[in-house]
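Working through the structure, step by step
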Amino acid sequence: MCVGLPARVVKVHQGMALVDASGAKREVSAELLDELDPGDYVMVHAGMAIARINGDDEEEMDDILEDLD
Amino acid sequence: MRTEYTQTALQIIRSYDGPPVRIMEVCGTHTHEIFRLGIRQILPSQVDVISGPGCPVCVTPVGYIDEAVWLALEKGVTICTFGDLVRVPGSTLSLAGARSRGAHVEIVYSPLDAYDYARQHRDEEIVFLSVGFETTTPPSCLAVRNARRDSVTNFSLLTANKTMPRAYEAMKDSADAFLYPGHVCAVMGTGDCEAMVQQGVSGVVAGFTAKELMTAFAVILKKIQKGEPFFKNCYPRVVTREGSRTAKELMADVMEPCDAEWRGLGCIPQSGLQLRPAYAAWDARKKYGIPLIEGRANPACRCGDILQGKCKPPQCPLFGTVCTPEQPVGACMVSHEGACSAYYTYGGNIR
C-alpha cells in the first residue's frame, strides 16, 4: 500500500491529473501541487501526487558524493 | 560530471573499516528495495541493517483488525481497504475470513477511490480503513473533507494513522543511524529529522533507486567515522526542507494528534492521528459506537521484537514453517513491505 510511484503528468484538469507511470495511466489528485504542467514528473502515493520530482538520481548522487568531504 | 577525486559510493561502502554500525530503515519500500538490489551483500560484515517500524500494515495492532471485522459482520458495513490488510490475522478472524462469512470487503488503491465508491453506492455504508503514515494520510484527509463538503454521509474512516517522529525517538537506542523514509519527508520536510541531531541521533533521508540507496549508505558510513551526530538529505530531487505545506495544512485541518498503539512497541504517546471533532460524523468509531476491543496476537509471533531490531525474522520460531506468505501469522509476513516477507522472499540473500 505504501509504495511511491514516479509518474509523468499527461493532463491536468480541476485538481486532478492524468499520469503515466511506465505506461499505466490513471487519474490522481493533484491538489497538493500548485502549477502542475503536462510533462512534469511527480511521486504518486495512494492516488495522490505528493511531490514533484526534480532531476534524475545520477546527478543527485554525483552532487552528494562531491559534497561529502 | 563526476570528478576523478570523487570516490564512488561503492568504494566508500566497501572500504569501511570502522566500528560496528546498526542502520535502521523505517520504510517498507526501503526494506524490500535493499533486499532486492542486493545491497546487504555488499555491506561490510560489521554493518547491520534493521527493518524498523516503517510498514504501516506491520505496526497496525490486532485490535484494529478486530474492529474492522466487527464493523463488517455486526454492522454490515462495506469495508474498503488497501489490499495488504485483508489477510492480516485478527484475534479470531482476518478480513479475508470475515469475507468468507459474508462480509463485504472491497480492495481499493486509494482512499479517494473508496470515497467514489461511497458516492456511487448511496444505499451502502462504507468504512475506509485509514492506516498509514504521512504519505497516505493526506488522501484519507482529502476523502473525508470532500465527504463533508458534499454532505456524503454513508462514508467514514476507521483511523489508525500514525506519524513517524515519535517512532524515531522511541527507536533511537536500537540504531546508530536512521535511513529516513524519503516519501514521509517529501510530505513533512526534513525538520523532524534535523531535530534528531540535537538528541544525538544521526540519519540521512534516502530515496529508493539503487543509486540513491547506495549514496545514502555511503554518506552514513563516511560521516559516522567522524563521531559526531549528523543529518543529510540524500534525496533532494524529491525532498525539500519545508516539505508540502498544502499537505501539512490539509492534515492539520482534518486530523489531530492522539496516543497510538504500535504492534510490538505498545502505546507511543501522541504518535497517532484521529479525526477532529468537526469530522465526528465521518469517524467510524463514533458513528457505530465500536466497543473497546482488546486484540490478542499469537504469543509465539516475534513481529514486535523484529520491528525493534531485537531479533531477525529467521530467529522467530514460526518463521517459514507455521508463518509463510501463504499462511501468515504476523503482520510482518502478510504485508509485502514487511521484514519477514522480505526475508522469506529473498531467502537466499539474507545474512
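Above this text sits the structure in question.
Because the structure is a prediction, the values reported are computed rather than measured.

Looking now at the pattern of salt bridges. As enumerated under the stated definition, the model contains 20 salt bridges over all chains in all. Bridged by salt links that share partners, the residues Glu 60 of chain A together with Glu 212 and Arg 237 of chain B form one connected network.

Among the nonpolar cores identified, the biggest contains 111 residues, and Ile 79, Phe 155 and Tyr 180 of chain B are the most heavily contacted of them. If one sorts the elements of this core by residue count, helix α5 (residues 62-74) of chain B sits on top with six residues. Discounting chain neighbours no more than four positions away, the residues touching Tyr 180 of chain B are His 30, Tyr 168, Cys 185, Cys 193, Met 196, Val 201, Ser 202, Gly 203, Val 204, Val 205, Ala 206 and Phe 231 of chain B. Residues Ile 64 of chain A together with Ile 23, Leu 179 and Ala 206 of chain B belong to the second largest nonpolar core, which totals 29 residues.

This part takes up the state of the cysteines. Residue and element names in this part refer to chain B. Going through the model one piece at a time under the given rule, you end up with zero disulfides over all chains. In this structure Cys 316 is not part of a disulfide, and its nearest cysteine sulfur, from Cys 301, lies 5.7 Å away. Given the relative accessible area of 11%, Cys 316 is considered buried. Note on Cys 340: no disulfide assigned, nearest cysteine sulfur contributed by Cys 332 at a separation of 4.8 Å.

Quick look at the packing of aromatic side chains now. Residue and element names in this part refer to chain B. This model, assessed by the stated rule, comprises twelve aromatic pairs over all chains. An aromatic cluster is built from Tyr 168, Phe 178, Tyr 180 and Phe 231, whose rings are joined through pairwise contacts. Taking the ring centre of Tyr 279 as reference, the NZ or CZ of Arg 148 above it sits at 4.7 Å. It is Lys 162 that lies over the ring of Trp 262; its NZ or CZ is 5.8 Å from the centre.

Attention now goes to the sheet that holds strand β8 (residues 202-206) of chain B. All names here are of chain B. Pairing is parallel in the open sheet, where five strands are placed in the order β2-β1-β7-β8-β9. Either end of the sheet is taken by a strand with one partner, and the two such strands are β2 (47-51) and β9 (231-233). The mean angle between the axes of side-by-side strands here comes to 20°, regardless of whether they run parallel or antiparallel. By the bridge criterion, three bridges tie strand β1 (residues 21-25) to strand β7 (residues 177-181) in an arrangement that is parallel. Each residue of the ladder has a partner; that of Met 24, found in β7, is Phe 178. Contacting β1, β2, β7 and β8, helix α2 (residues 28-36) crosses the sheet at an angle of about 110° to β7.

Glancing now at the environment of Leu 43 of chain B. All names here are of chain B. Checked against the element boundaries, Leu 43 lands in the loop between α3 (39-42) and β2. Residue classification places Leu 43 among the buried positions, given a relative accessible area of 5%. Between the C-alpha atoms of Leu 43 and Arg 14, which are 29 residues apart in sequence, the distance is 6.6 Å.

Here we come to helix α7 (residues 111-120) of chain B. Within the span of α7 of chain B, buried status applies to Pro 111, Leu 112, Ala 114, Tyr 115, Tyr 117 and Ala 118 of chain B. Packed against the buried residues of α7 of chain B are β3 (24-29) of chain A together with β3 (78-81), β4 (104-107), β5 (126-132), α8 (137-149) and β6 (155-162) of chain B. N-capping of α7 of chain B is provided by Ser 110 of chain B, with a side-chain oxygen placed 3.0 Å from the backbone N of Leu 112 of chain B.

Attention shifts here to the interface of chain A and chain B. One frequently used descriptor of interface size is the decrease in accessible area upon assembly of the parts. Contacts between the two partners involve 32 residues from chain A, matched on the other side by 50 residues from chain B. Across the interface of chain A and chain B, roughly 3,500 Å² is buried in total on both sides, 60% from carbon and sulfur atoms. At the boundary of chain A and chain B, one finds four salt bridges. Between Lys 211 of chain B and Glu 58 of chain A there is a salt bridge, with the nearest N and O atoms lying 3.5 Å from each other. The tally of links from chain A across to chain B stands at ten residue pairs in polar contact (both at pLDDT 80 or more). Within the residue set of the side of chain A that touches chain B, elements represented by two or more residues are β3, β4 (41-45), β5 (48-52) and α1 (57-66) of chain A.

Turning our attention to the packing of α1 of chain A against helix α12 (residues 210-223) of chain B. Between two packed helices, what matters for the description is the angle formed by their axes and the separation of those axes. Interaxial distance between α1 of chain A and α12 of chain B falls to 9 Å at its minimum, and their mutual angle equals 10°. In terms of orientation, α1 of chain A lies roughly parallel with respect to α12 of chain B. Mapping the contact onto sequence places Asp 57, Glu 58, Glu 60, Met 61, Ile 64 and Leu 65 of chain A in α1 of chain A and Lys 211, Glu 212, Thr 215, Ala 218 and Val 219 of chain B in α12 of chain B. The residue inventory of the contact of α1 of chain A with α12 of chain B, partitioned by class, reads five nonpolar, one polar and five charged.

All names here are of chain B. Their axes nearest at 8 Å, the elements α7 and α8 cross at an angle of 25°. The pairing of α7 with α8 is recorded here as roughly parallel in orientation. Taken as a pair, α7 and α8 cross one another with a handedness that is right-handed. Within the contact between the two elements, α7 uses Pro 111, Leu 112 and Tyr 115 and α8 uses Pro 139, Ser 140, Leu 142, Ala 143, Asn 146 and Ala 147.

The rules behind the values
- Residues numbered from 1 in each chain as written.
- Chains lettered and ligands numbered in written order.
- Predicted model: local features only at pLDDT ≥ 70, side-chain atom pairs only at ≥ 80, totals over all residues.
- Heavy atoms only, no water.
- Salt bridge = Lys/Arg side-chain N within 4 Å of Asp/Glu carboxyl O.
- Core = buried A, V, L, I, M, F, W, Y, C linked by side-chain atoms within 4.5 Å.
- Buried < 20%, exposed > 50% of the residue type's maximum accessible area, 1.4 Å probe, protein only.
- Helix = DSSP H or I, 4+ residues; strand = E, 2+ residues; numbered from the N terminus.
- Contact = heavy atoms within 4.5 Å.
- Disulfide = S-S within 2.5 Å.
- Phe/Tyr/Trp six-rings, centres within 6.5 Å; stacked < 30°, edge-to-face > 60°.
- Lys NZ or Arg CZ within 6 Å of the ring centre and 35° of its normal.
- Pairing = 2+ DSSP bridges.
- Axes fitted to C-alpha atoms, helices over the stretch in contact; angles between N-to-C directions.
- Polar contact = N/O pair within 3.5 Å; in protein donor to acceptor, adjacent residues only side chain to side chain.
- Buried area = accessible area lost by both parts, 1.4 Å probe.
- Parallel < 35°, antiparallel > 145°, perpendicular 65-115°, else oblique.
- Nonpolar A, V, L, I, M, F, W, Y, C, P; charged D, E, K, R; others polar.
- Left-handed = near helix turned anticlockwise from the far one by under 90°.

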